[in-house]
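Inside the fold
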Amino acid sequence: MTLLQGIAASSGIAIAKAYRLVEPDLSFTKTTIEDIDAEKAKFDAAIAQSIQELKEIQKVAKTELGADEAAIFDAHVLVLNDPELINPIKEKISSDQVNAEYALKETTDMFIAMFEGMDNEYMQERAADIRDVTKRVLSHLLGVKVVNPSEISEEVIIIAEDLTPSDTAQLNRKYVKAFATDIGGRTSHSAIMARSLEIPAIVGTQEATEEIQDNDMLIVDGLTGKLHINPTAELIAEYEKELEKYEAQKAEWAKLVDEKSITADGEQVELAANIGTPEDLEGVMNNGGEAVGLYRTEFLYMGRNQLPTEDEQFDAYKKVLEGMDGKPVVVRTLDIGGDKELPYLELPTEMNPFLGFRAIRLCLEETDIFRTQLRALLRASTYGNLKIMFPMIATLDEFRKAKAMLEEEKEKLIAEGEKVSDEIEVGIMVEIPSTAVQADQFAKEVDFFSIGTNDLIQYTMAADRMNERVSYLYQPYNPAILRLVKMVIDASHREGKWTGMCGEMAGDEIAIPLLLGLGLDEFSMSATSILQARAQIRGLKKSDMKELAEKALQMGTAEEVIQAVKEKVNL
Ligand code: PEP
Ligand code: MG
């Protein structure tokens, strides 16, 4: 039995077998072949095994993920049955007397380069199919396993070095009970996605992929960050009891689904949800969300080969606005960059992507992309209560430019005879210290602020949110952060505006009493945290929390603040 300690990224407990989602080693060397027929037979066998395997995956994918997702495997089978690809490989084995691995790779690389060079989306997709299929056949030739999350058909815990947001989106909640990764922090996007999928997760274990083999029995404790490998029967029994307790606690919170988020002394706040796709609305409803405080639109742009069209975006925004039935929906414009990449945009690799060409910086330069999104949003605005928010604003000038483009697109649409709401609030994320410090100036021009503490903390503390070695510097309760938060809230209130928070801090039980005391108006969090937050808020008095926050602002360290909160509110 081994124990790894990671960072608790999504709460809950899971007990299941390990499934390693790790890139296989497909390296080989070129060799000269004596027995050509035997080499060709080996190649034929690898093709047959690959086809068989694809048909099985296709069957599972069809029932678990739907026909659209499964169609890709049909395309792969077609590639493997295509004589125009297969024959040249066999000819190469004979004519050059080379091993099948080498002939396969040389030939498919040539086709991939040819198709990728064509200015035709269909051909570029074929290149991607050939690349996937080559990996599969190569794995059979080399006798190593290639992994694919869509082939999972029993309950597992995923073990990976890291999971990209699009990997995470593909996980099937029915079978994937939890995940644990080597790298990442509490605010890396895979952790955020785990919370919206409602599966327990631990990130930053450093050595999960090294220590864990396929089918090892695991316990993921997403409440404490403990990952138990091959635990004893006694420990499993203990955790089964814990799991029951946790479920009972959740059932208690569930009773508050239609209640107000109101403090014991009668002050009301708004508890909103962070979402990534229109499908997340179900979770918002089930958890009593009063608004969408952050719709991360970048997920619309991910897991595909080209930009979403204006109409595709319009449909998604309309769905969310209608789904929320007149309740506020804060849509954030494209925030790509950092740990969220778009391979088809072909942006140059940067030394410091979190400090680089991302979010509003990219949108103000790639104006076609930005204007398409703004048009889709404006067209959708009549279907609900839309608020638009720009990410990563560092200067007033950036805000003014973005707002001017929004106004221009609005005028154009009206001239084209489209209806656009007159009541769209336009705000910004405060996630760069310069903006927090200058909040008084911003407050005169924006309609609202939403504090993005995931980034605000990483930029204030100069600590990469993805790097587990500096994760001790992710300190939401550090008085320096609390002072910045206070500056923003006070500045907005002086101008009669409101401030929300959509970073992970907004749903944190130690931060909530402090944020209440500082006067935060809207708390936006993973939908799964809302009911617990509501239960907590209903037990607190705002006047007491004000006193607590004032004391915390004068403290020296985050630890002192944690101690003071725990004493005051019984945590
Ligand atoms: C934030 O930075 O706090 C935030 C909410 O945005 P994201 O996590 O998507 O960067
Ligand atoms: Mg951010």
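Keep in mind it's a predicted model, so treat the numbers as computed, not measured.

Conventions adopted
- Residues numbered from 1 in each chain as written.
- Chains lettered and ligands numbered in written order.
- Predicted model: local features only at pLDDT ≥ 70, side-chain atom pairs only at ≥ 80, totals over all residues.
- Heavy atoms only, no water.
- Helix = DSSP H or I, 4+ residues; strand = E, 2+ residues; numbered from the N terminus.
- Rg over C-alpha atoms; globule rule 2.2 N^0.38 Å.
- Buried < 20%, exposed > 50% of the residue type's maximum accessible area, 1.4 Å probe, protein only.
- Contact = heavy atoms within 4.5 Å.
- Areas by Shrake-Rupley, 256 points an atom, 1.4 Å probe, with all protein chains shown as cover.
- Near = heavy atom within 4 Å.
- Polar contact = N/O pair within 3.5 Å; in protein donor to acceptor, adjacent residues only side chain to side chain.
- 1 Å grid on protein atoms, 1.4 Å probe; cavity = no way out; pocket = protein on both sides within 12 Å on 5 of 7 lines; lining within 4 Å.
- Sits in = over half its atoms within 2 Å of the grid points.
- Nonpolar A, V, L, I, M, F, W, Y, C, P; charged D, E, K, R; others polar.
- Salt bridge = Lys/Arg side-chain N within 4 Å of Asp/Glu carboxyl O.
- Donors = N, O, S within 2.8 Å, 3.2 Å for Na, K, Ca; no water.
- Pairing = 2+ DSSP bridges.
- Axes fitted to C-alpha atoms, helices over the stretch in contact; angles between N-to-C directions.
- Domains from an automatic or database assignment.

**Observations concerning the overall build of the protein**
Scanning the protein from terminus to terminus reveals 22 helices and 16 strands. A globule of 571 residues ought to have a C-alpha radius of gyration of about 25 Å, and the protein, at 26 Å, matches this closely. Summarising its shape, the C-alpha atoms of the protein cover approximately 85 × 70 × 40 Å along the three principal directions. The 571 residues of the protein split such that 53% are buried. Sequence-distant contacts in the protein: of pairs separated by 6 or more residues, those separated by 24 or more amount to 70%. When the accessible surface of the protein is summed, it comes to about 25400 Å², and 47% of that surface belongs to carbon and sulfur atoms.

**Quick notes on the site of ligand 1**
Residues in close proximity to ligand 1 total 16 residues, the closest being Arg296, Arg332, Gly452, Asn454 and Arg465. A distance of 2.8 Å separates an oxygen atom of ligand 1 from a polar atom in the backbone of Asn454. Contact between ligand 1 and Arg465: an oxygen atom at 2.8 Å from a side-chain N or O atom of the residue. Protein chains shield 100% of the accessible area of ligand 1, which is 290 Å² for the free molecule. A molecule is said to occupy a pocket when more than half its atoms come within 2 Å of that pocket's grid points, and by this definition ligand 1 occupies the largest cavity. For the shell around ligand 1, the secondary-structure elements that each account for two or more residues are helix H7 (189–197), strand E10 (292–296) and helix H17 (453–461). Counting residues per element, the shell around ligand 1 draws most heavily on H17, which supplies three residues. Residue classes in the shell around ligand 1 are distributed as four nonpolar, five polar and seven charged.

**Focus on the pattern of salt bridges**
As enumerated under the stated definition, the model contains 37 salt bridges in all. Among the ionic pairs, Glu310 bridges to Arg379, the shortest N-O distance being 2.6 Å. You can see Glu310 sitting in helix H11 (residues 310–323) and its partner Arg379 sitting in helix H13 (residues 367–380), a full 69 residues away along the chain. Residue Arg379 is classed as buried on the basis of its relative accessible area, which comes to 14%.

**Topic: the coordination of the magnesium ion (ligand 2)**
Every protein donor of the magnesium ion (ligand 2) is accounted for by Glu431 (OE) and Asp455 (OD), and the metal-donor separations fall at 2.0 to 2.1 Å. Note that Glu431 is positioned in the loop between strand E13 (425–430) and helix H15 (433–437) and Asp455 in helix H17, a separation of 24 residues in sequence. Each member of the pair Glu431 and Asp455 is classed as buried.

**Digging into the pairing of strand E9 (residues 270–275)**
Counted residue by residue, E9 has five buried out of six residues, so it is predominantly covered. Pairing analysis gives five bridges linking E9 to strand E16 (residues 522–526), with the strands arranged parallel. Paired with Ala272 across the bridge in E16 is Ser524. As paired strands, E9 and E10 are joined by three bridges and run parallel to one another.

**So, the sheet that holds strand E15 (residues 498–501)**
Within the closed barrel, the eight strands sit side by side as E9-E10-E11-E12-E13-E14-E15-E16. Their pairing is parallel. Neighbour-to-neighbour, the strand axes of the sheet open up by a mean angle of 25°, direction not taken into account. Bridge analysis of E15 against E16 gives two bridges, and the strand direction is parallel. Residue pairing across strands places Gly500 opposite Glu522, the latter belonging to E16. Relative to the sheet, helix H18 (residues 479–494) contacts E13, strand E14 (448–451) and E15, its axis offset from that of E15 by approximately 150°.

**Details of the domain arrangement of the protein**
With domains assigned, the protein is organised as domain 1 (2–22 + 149–249), domain 2 (36–142) and domain 3 (259–569). Spacing between the C-alpha centres of domain 2 and domain 3 amounts to 44 Å.

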